Amino acid sequence: MRFKDFDTISMKDFSRDMIDHILDTADKLEPIAKNEEKSDILNGKILAVLFFEPSTRTRMSFETAIKRLNGDVLSLGAVDASSITKGENLADTIRVIEGYADGIILRHPKEGSAKMAAEMTSTPVINAGDGAGHHPTQTFLDLYTMRRESRLEGVKIAIAGDLKYGRTVHSLCYALSHYNADITLVSPKELRMPREIIRDLKNRGIEVKQTDSMEDAIQDVDVLYVTRIQKERFPDPAEYQRVSTSLQITTELLKNANPDLKIMHPLPRVNEIDSGVDFTSHACYFKQSFYGVPVRMALLSLIMGCIE
Ligand code: CP
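Residues numbered from 1 in each chain as written. Predicted model: local features only at pLDDT ≥ 70, side-chain atom pairs only at ≥ 80, totals over all residues. Heavy atoms only, no water.

A. Highlighting the overall build of the protein. Secondary structure summary: the protein contains 11 helices and 9 strands in total. The C-alpha radius of gyration of the protein comes to 19 Å, within 12% of the 19 Å expected for a compact globule of 308 residues. C-alpha atoms of the protein, sized along the principal axes, occupy 55 × 45 × 40 Å. A buried classification covers 56% of the 308 residues belonging to the protein. Taking as baseline every contact in the protein between residues at least 6 positions apart, the subset at least 24 positions apart corresponds to 74%. Accessible area for the protein stands at about 13500 Å²; split by element, carbon and sulfur atoms hold 46% of it. (Helix = DSSP H or I, 4+ residues; strand = E, 2+ residues; numbered from the N terminus. Rg over C-alpha atoms; globule rule 2.2 N^0.38 Å. Buried < 20%, exposed > 50% of the residue type's maximum accessible area, 1.4 Å probe, protein only. Contact = heavy atoms within 4.5 Å. Areas by Shrake-Rupley, 256 points an atom, 1.4 Å probe, with all protein chains shown as cover.)

B. Here's a closer look at the sheet that holds strand S1 (residues 46-51). In spatial order, the strands read S2-S1-S3-S4; together these 4 strands make up an open sheet with parallel pairing. The sheet is open, and its two borders are formed by strand S2 (72-75) and strand S4 (125-130), each paired with just one other strand. Across this sheet, the average inter-strand angle for adjacent strands is 20°, counted without regard to direction. Seen against the sheet, helix H4 (residues 113-120) touches strand S3 (103-108) and S4 and runs at an angle of roughly 160° to S4. (Pairing = 2+ DSSP bridges. Axes fitted to C-alpha atoms, helices over the stretch in contact; angles between N-to-C directions.)

C. Structural view of the nonpolar core. Among the nonpolar cores identified, the biggest contains 62 residues, and Ile-105, Ile-157, Ile-159 and Leu-176 are the most heavily contacted of them. Formed jointly, this core draws a minimum of three residues from each of two domains, domain 1 (11-134 + 291-303) and domain 2 (151-283). In contact with Ile-105, not counting residues within four places along its chain, are Leu-47, Ala-48, Val-49, Leu-50, Phe-51, Phe-62, Ile-66, Ile-126, Ala-128 and Leu-300. If you look at the next biggest cluster of nonpolar residues, it comprises 20 residues, including Val-221, Leu-224, Ile-249 and Leu-253. (Core = buried A, V, L, I, M, F, W, Y, C linked by side-chain atoms within 4.5 Å. Domains from an automatic or database assignment.)

D. Structural view of the side chain of His-108. As for its position among the elements, His-108 is in strand S3. Once residues lying within four places of it in the same chain are set aside, the contact partners of His-108 are Phe-52, Glu-53, Leu-90, Ser-113, Gly-129, Asp-130 and Gly-131.

E. Spotlight on the layout of surface pockets. Considered as a void within the structure, the largest pocket measures approximately 390 Å³ in volume. Forming the walls of the largest pocket are 21 residues, and the residues nearest its centre are Arg-107, Arg-167, Arg-228, Leu-267 and Pro-268. Elements with a minimum of two residues in the lining of the largest pocket: helix H2 (57-68) and helix H6 (167-176). Residue composition of the lining of the largest pocket, by class: 4 nonpolar, 10 polar and 7 charged. Mapping the lining of the largest pocket onto the domain boundaries places at least three of its residues in each of domain 1 (11-134 + 291-303) and domain 2 (151-283). (1 Å grid on protein atoms, 1.4 Å probe; cavity = no way out; pocket = protein on both sides within 12 Å on 5 of 7 lines; lining within 4 Å. Points joined across faces, edges and corners; volume = space filled by probe spheres on them. Nonpolar A, V, L, I, M, F, W, Y, C, P; charged D, E, K, R; others polar.)

F. Summary view of the sheet that holds strand S8 (residues 223-226). Sheet architecture is open: 5 strands sit in the order S7-S6-S5-S8-S9, paired in parallel fashion. The open sheet has two free edges, formed respectively by strand S7 (209-211) and strand S9 (262-264), since each of these has just one partner strand. Here the strands of the sheet are splayed against their neighbours by 20° on average, with no regard to which way each runs. Summarising the sheet, S8 and S9 pair through 3 bridges and their orientation is parallel. Residue pairing across strands places Val-223 opposite Lys-262, the latter belonging to S9. Strands strand S5 (156-160), strand S6 (182-186) and S8 of the sheet are contacted by H6, whose axis makes an angle of about 160° with S5.

G. Spotlight on the site of the ligand. Neighbouring the ligand are Ser-55, Thr-56, Arg-57, Thr-58, Arg-107, His-135, Gln-138, Pro-266 and Leu-267. When the free accessible area of the ligand is taken as 260 Å², the share hidden by the protein chains comes to 92%. Judged by its atoms lying within 2 Å of the grid points, the ligand is housed in the largest pocket. In terms of residue class, the shell around the ligand is made up of 2 nonpolar, 5 polar and 2 charged. (Near = heavy atom within 4 Å. Sits in = over half its atoms within 2 Å of the grid points.)

H. How the structure looks around the domain arrangement of the protein. For the protein, the assigned domains read domain 1 (11-134 + 291-303) and domain 2 (151-283). A separation of 26 Å is found between the C-alpha centroids of domain 1 and domain 2. Opposite the 18 residues of domain 1 that make contact, domain 2 presents 16 residues. For the pair domain 1 and domain 2, the summed buried surface comes to about 1300 Å²; carbon and sulfur atoms form 50% of the total. Notably, a salt bridge pairs Glu-153 with Arg-16, separated by 2.7 Å at the nearest N-O pair. (Buried area = accessible area lost by both parts, 1.4 Å probe. Salt bridge = Lys/Arg side-chain N within 4 Å of Asp/Glu carboxyl O.)

I. Inspection of the pairing of S3 at higher detail. Among the 6 residues in S3, 6 count as buried, and that is most of the element. The two faces of S3 match: Gly-103, Ile-105 and Arg-107 on one face and Ile-104, Leu-106 and His-108 on the other face are all buried. As defined by bridge partners, S1 adjoins S3 across 5 bridges and the pair is classed as parallel. By the bridge assignment, Leu-50 is partnered in S3 with Leu-106. Bridge count for S3 against S4 is 4 bridges, and the pairing is parallel. Bridging from a neighbouring strand, Ile-105 pairs with Ile-126 of S4. In this fold, the crossover linking S3 to S4 by way of H4 has right-handed handedness. (Right-handed = clockwise from strand over helix to strand, strands pointing away.)

Okay, structure coming up:
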C-alpha cells in the first residue's frame, strides 16, 4: 500500500484496505495524541495550513497533530492578511506554497477546489473541506469513532440533518459502503441527499432508506449521526428559515432509544442537539472531535512517508 505523496481529495479515492490502515495507524498513535508518549515522526516536515473558510476543529486538530509529532505548521493565517486580497488566485497561491512546504492542507468554499489545487502541484494536498463537496479527514475520524465507541462493520446508522449541503455526510456514505453499513437517511425533503450519491451507493451494493421521521429512524440503530443545517450554503435565506428547526434531538426523543445508541455530530452544532443530551451516555461528539488528532496524525505520517 503506497501512501507517500498521496492526495487526499475524496473518500472515493480510498479503498477499504487504505482506510483500515489509517485507522490501525491512528490506534497506535493515540497515546501520542493524548501526550502520554512523545514522538518526532514529522521532524523536519513543514505542513502548510490554508483555510479560506472558518474552522475550529479541523484546523486546530491538524495543527495539534503536526505539533505532537514535532513537525512545523506554516499557516496562511487570516485570508484578509494575505495577498489573496490583492487578487491572487488559488492556483498561483498553491504554486507558491509548494516551494515552502512538504504538504498542503486546504479548506475552501468552492467545490472542486482541492482537486484543482492537487492538479497544480506535486506536493500532496489534503482536502479539509471543499464547499458542499467532500471532507475526507472528517470521515476518517468518524469511522475511527464508530470503531472505538460502537461498531463499524455492519453498523446500523441513521444519518440526519442537512444531507444536501453537508459535505461530511457525503464523504461518510461513500466510506460506509465498504463496511456493509445499514444506512437510513433522515431529512426534510428539501435537504435530501443528492441523487447521484444515492445512485453511486446503489452501484456499490448499498440500498439506503430515506425518511423524514426521526422517531422511526432511531428505533433500532447503533449510531445516530446528526449534522447542522448549513445556513451559509443556502442560496435563499427564506428556505433556510423554513427548515432550520426541522430536526431536533432531545432527551425526550431518546427515552425509547437503544441504550447503547451513540450520537455523533461533526460539530459545530447550533440547535439540532439539545444540550441536555450532552449528559447522557449517548453523547459521543466531543470524544469524536478529539479523535481527529490521532487520525490526522496517522494520515500525515503516512502521506509524508515518515511511517508505512
Ligand atoms: N467538523 C468540522 O469540520 O468542524 P470545523 O468547521 O470547526 O473545522
